[in-house]
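So the chains spell out like this:
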Amino acid sequence: MLIETRDLWKTYVMGTETVHALRGVSIQVERGEYLAIMGPSGSGKSTLMNLIGCLDTASRGEYILNDRAVSGMNDDELAFVRNKEIGFVFQTFNLLPRATALHNVELPLIYNGTGAKERLEGAKAALSAVDLADRMNHKPNELSGGQRQRVAIARALVNNPSIILADEPTGNLDTATSEEIMDVFEKLHERGNTVIVVTHEQDIADCTQRIIYLRDGAVEKEVVK
Amino acid sequence: MKVRDLFENIVLAWGAMKANKLRSFLTILGVFIGVAAVIGMVAIVQGLNKSMAEQIESLGSNAIFVSRYKPGISINGHNEEERNRKRLTVEDAIAIKEFCPSVEAVSPSKSWWQYPDGNHAKYRNYEVSRPELSGVTPDYQIVYNLILQQGRFFNEMDMFYRTYTVVLGADVAEGLFPHEDPIGKIIMVNKGKFSVIGVAEERKSLLGKSMDNYLLIPLSTYEKIYPGDEGVWIGVQAKNNSLMDEAIDEMTELLRRRRGVPYDKPNDFAIFTQEAFMDIYRQITSAIYLVMIVISSIALLVGGVGVMNIMLVSVKERTREIGIRKAIGARRRDILWQFLVEAMAMTGSGGLLGIAFGLSVAMIINATTPLAATVSIPSMVIGFSFSVGVGLFFGIYPATRAAKLDPIEALRYE
């Protein structure tokens, strides 16, 4: 089992009000799965993604990632796990604007102390894997939306993480480009990567093998194809 | 932080500075001015030091001086006891020579200032203005290391017969005798006729002021022309360097007896070496240094606050970048160092620019004035370390803020 959450709760206190973003979510993800987490806005899917992505810790419950209990880790341990185990792909790409595609992809390797030479090779390989070998030295503003997202995917891939976690990866792209990006995910899945897509678009979710529907902070249903 | 990470961070910092060229430049202006001021001032003061030290050394390292007062900077002037002190006399000088075995040579001297506009020296149509005029004894040559380029110095006969002879400083000789051999010529000094017997070698100039505009005549002749009871200035040469202390003790003992100082009272005269002049000089330069340190500290402080301000802006502007970096695995200390190095790189380059500017100012001074302004490696190292230190100190708060940002909120920041 790659991911196992047991009764995850996330509670925010806003002034006098207590908001339960997650109310006991228990899910399991096997290695190599391709799944989607779906739900309308406010359903808690972003919160769940933040927890799975180790950007945040749960208020209650347990999260075991790759046999490691993430709940209770401190900031630096979380950073380490994010670097090793998680590759993020964001809706807004979140590339560093001043850095070239190559340097953007190198970044995760910088933070785990990979040597300069290996870093360069790793980054080039990751960019080739998303068919951007010829755009390595372009800055994000010189690339199209689809290309930017592929740079972001290369960045997510470069450390060989356990999970690729995509948050609305096609939200800022037109239909054709969206399909292109989903093809990339499909390919990654075929290569054996675990891919989790968080989305509110049914046709994007339909590309995956399994869909977890969230509503009001709890799992509403699961659909396996 | 490893060296490689430091290098990464410097590259990052350079990129960040390049992205906001004008802003970065304005930010480091304070540091630049502070460091440039320090480097420039230190260069000038060290140039002064060198020139001063040479001058004082030229007095001779085993020279001892006797006068009524200890030289020094005094704010209140002399007190009553000091004002009532007896003058030193030629007889005191003779006694020192006679009774102090460790003393090699004693040179009492007096200097004249012709009222109202200084001394005159004239030969035919040639004139020199305001030469110093001193009455000296044969020992003067030994005590003050005077070297003659031609002719001779005074001897005992000159003293005894009060001859109207004169030894010229190099400038005076040049001024009065541009085309002639001065030896044996008769010149007018103020109202008297003097025969030139010697010409001194050129001495080192002090801060561009020539030290060769002087006339020496026998002290006995001087006293005949300018009678008066003004005290003498006594220069003494010890037999050798190791006998300096003995010579001072012997002279102290002798002068106390001659001047009738009771055994329980302090000396009513001063005996000192060239070190005393160095001390005065050090007092002046340390005051200059103090002022300089205050000024540049203020500049660095203001510069540092500016850096802190800009770093806070920069952290705010780059919140999203920080979020991205954290999401892909940057730890708190990675972010902390990134911004610390950026602040230090900024102030450090201000420091480097300041050093370069200070250096060029020193070089211009060197080329255009007689002052030998010297920029020392330590002052450059200190200037640079201070500027980097300012970045470190004022970068801590902004960098800590950046490091503490919550990745989720930072990623959401627009």
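Residues numbered from 1 in each chain as written. Chains lettered and ligands numbered in written order. Predicted model: local features only at pLDDT ≥ 70, side-chain atom pairs only at ≥ 80, totals over all residues. Heavy atoms only, no water.

Undergrad: Explain the overall build of chain B to me, please; I cannot follow it from the model alone.
TA: From N to C terminus, chain B includes 14 helices and twelve strands. Against the 2.2 N^0.38 benchmark of 22 Å for 414 residues, chain B shows a C-alpha radius of gyration of 32 Å, more extended than a compact globule. If you line up chain B on its principal axes, its C-alpha atoms span 105 × 60 × 40 Å. Split into buried and exposed, the 414 residues of chain B put 47% on the buried side. Summarising the internal contacts of chain B: among those between residues at least 6 apart in sequence, 79% fall at separations of at least 24. As presented, chain B carries roughly 21,100 Å² of accessible surface, and 61% of it is formed by carbon and sulfur atoms. The positive charge centre, built from 44 side chains, and the negative charge centre, built from 43, are 9 Å apart in chain B. (Helix = DSSP H or I, 4+ residues; strand = E, 2+ residues; numbered from the N terminus. Rg over C-alpha atoms; globule rule 2.2 N^0.38 Å. Buried < 20%, exposed > 50% of the residue type's maximum accessible area, 1.4 Å probe, protein only. Contact = heavy atoms within 4.5 Å. Areas by Shrake-Rupley, 256 points an atom, 1.4 Å probe, with all protein chains shown as cover. Lys, Arg positive; Asp, Glu negative; His and termini not counted. Charge placed at Lys NZ, Arg CZ, Asp CG, Glu CD.)

Undergrad: Even after reading the chapter, I still don't get the nonpolar core, so can you show me in this structure?
TA: Nonpolar side chains in soluble globular proteins tend to end up buried together. Residue and element names in this part refer to chain A. Judged by nonpolar contacts, the single largest core of 59 residues is most densely connected at Ile3, Leu48, Ile52, Tyr63, Leu65 and Ile163. Sequence-distant contacts of Leu65, defined by excluding residues within four places in its chain, comprise Leu2, Ile3, Cys54, Val70, Val81, Glu85, Ile86 and Ile163. Judged by nonpolar contacts, the second largest core, of 33 residues, contains Val89, Ala126, Ala152 and Val158. (Core = buried A, V, L, I, M, F, W, Y, C linked by side-chain atoms within 4.5 Å.)

Undergrad: Just checking my understanding: could you explain the interface of chain A and chain B for this structure?
TA: Interface size is often expressed as the accessible area that is lost when the parts come together. Contacts between the two partners involve 24 residues from chain A, matched on the other side by 24 residues from chain B. When chain A packs against chain B, the two sides together hide about 2,200 Å² of surface, and 54% of this comes from carbon and sulfur. As a salt-bridge pair, Glu8 of chain B and Arg119 of chain A come within 2.6 Å of each other at their nearest N and O atoms. The interface formed by chain A and chain B includes nine residue pairs in polar contact (both at pLDDT 80 or more). (Buried area = accessible area lost by both parts, 1.4 Å probe. Salt bridge = Lys/Arg side-chain N within 4 Å of Asp/Glu carboxyl O. Polar contact = N/O pair within 3.5 Å; in protein donor to acceptor, adjacent residues only side chain to side chain.)

Undergrad: How should the sheet that holds strand 4 (residues 34-38) of chain A be read in this particular structure?
TA: Strand pairing in a sheet takes place through backbone hydrogen bonds and is either antiparallel or parallel in direction. Residues and elements named next belong to chain A. If you walk across this open sheet you meet the six strands as 7-8-9-4-10-11, and the pairing is mixed. Bordering the open sheet on either side are strand 7 (86-89) and strand 11 (218-224), each of which pairs with just one other strand. For this sheet the average axis-to-axis angle between neighbouring strands, irrespective of direction, equals 20 degrees. One ladder, built from five bridges, connects strand 4 with strand 9 (residues 194-199); its direction is parallel. Residue pairing in the sheet places Ile37 in a bridge with Val198 of strand 9. (Pairing = 2+ DSSP bridges. Axes fitted to C-alpha atoms, helices over the stretch in contact; angles between N-to-C directions.)

Undergrad: It is not clear to me how the side chain of Asn50 of chain A should be interpreted in this structure. Could you clarify?
TA: Considering the arrangement of structural elements, one finds Asn50 of chain A in helix 1 (residues 45-52). Ignoring sequence-local partners within four residues, the contact set of Asn50 of chain A consists of Leu55 and Asp56 of chain A together with Ile408 and Arg412 of chain B.

Undergrad: Any chance you could explain the pattern of salt bridges here in plain terms?
TA: A pair can form between side chains of opposite charge whenever their charged atoms are brought close. In this structure the tally under the stated criterion is 28 salt bridges over all chains. In this structure, Glu220 of chain A engages Arg215 of chain A in a salt bridge whose closest nitrogen and oxygen atoms are separated by 3.1 Å. The class of Arg215 of chain A is partly exposed, set by a relative accessible area of 42%. Close ionic contact of Lys185 of chain B with Glu180 of chain B constitutes a salt bridge, the shortest N to O distance being 3.9 Å. The class for Lys185 of chain B is partly exposed, based on a relative accessible area of 22%. Judged by relative accessible area, Glu180 of chain B falls into the partly exposed class, the value being 29%.

Undergrad: Quick question: what am I supposed to make of the domain arrangement of chain B here?
TA: One can read the domain layout of chain B as domain 1 (3-55 + 279-412) and domain 2 (86-268). Here the C-alpha centroids of domain 1 of chain B and domain 2 of chain B sit 54 Å apart. (Domains from an automatic or database assignment.)

Undergrad: Could you clarify how one ought to interpret a positive patch on the surface in this entry?
TA: Residues Arg98 and Lys139 of chain A together with Lys18 and Lys21 of chain B make up a contiguous surface patch of positive charge. Within the secondary structure, Arg98 of chain A sits in the loop between strand 7 and helix 3 (101-110). Judged by its relative accessible area of 40%, Arg98 of chain A falls in the partly exposed class. (Patch = residues over 30% accessible without salt bridge, like charges linked within 9 Å, V, L, I, M, F, W, Y side chains within 5 Å.)

Undergrad: Would you take a moment to explain the packing of helix 5 (residues 145-157) of chain A against helix 6 (residues 175-190) of chain A for this structure?
TA: A pair of packed helices is characterised by two quantities: the angle between their axes and the separation of those axes. All names here are of chain A. It is the contact of helix 5 with helix 6, at a shortest axis distance of 10 Å, that shows an interaxial angle of 20 degrees. Judged on the interaxial angle alone, helix 6 and helix 5 are roughly parallel. In terms of crossing hand, the pair formed by helix 5 and helix 6 is right-handed. Counted together, Gly146, Gln149, Arg150, Ile153 and Leu157 of helix 5 and Thr177, Glu180, Ile181, Val184, Phe185 and Leu188 of helix 6 form the full contact between these two elements. A breakdown of the residues in the contact of helix 5 with helix 6 according to their chemical character gives six nonpolar, three polar and two charged. (Parallel < 35°, antiparallel > 145°, perpendicular 65-115°, else oblique. Left-handed = near helix turned anticlockwise from the far one by under 90°. Nonpolar A, V, L, I, M, F, W, Y, C, P; charged D, E, K, R; others polar.)

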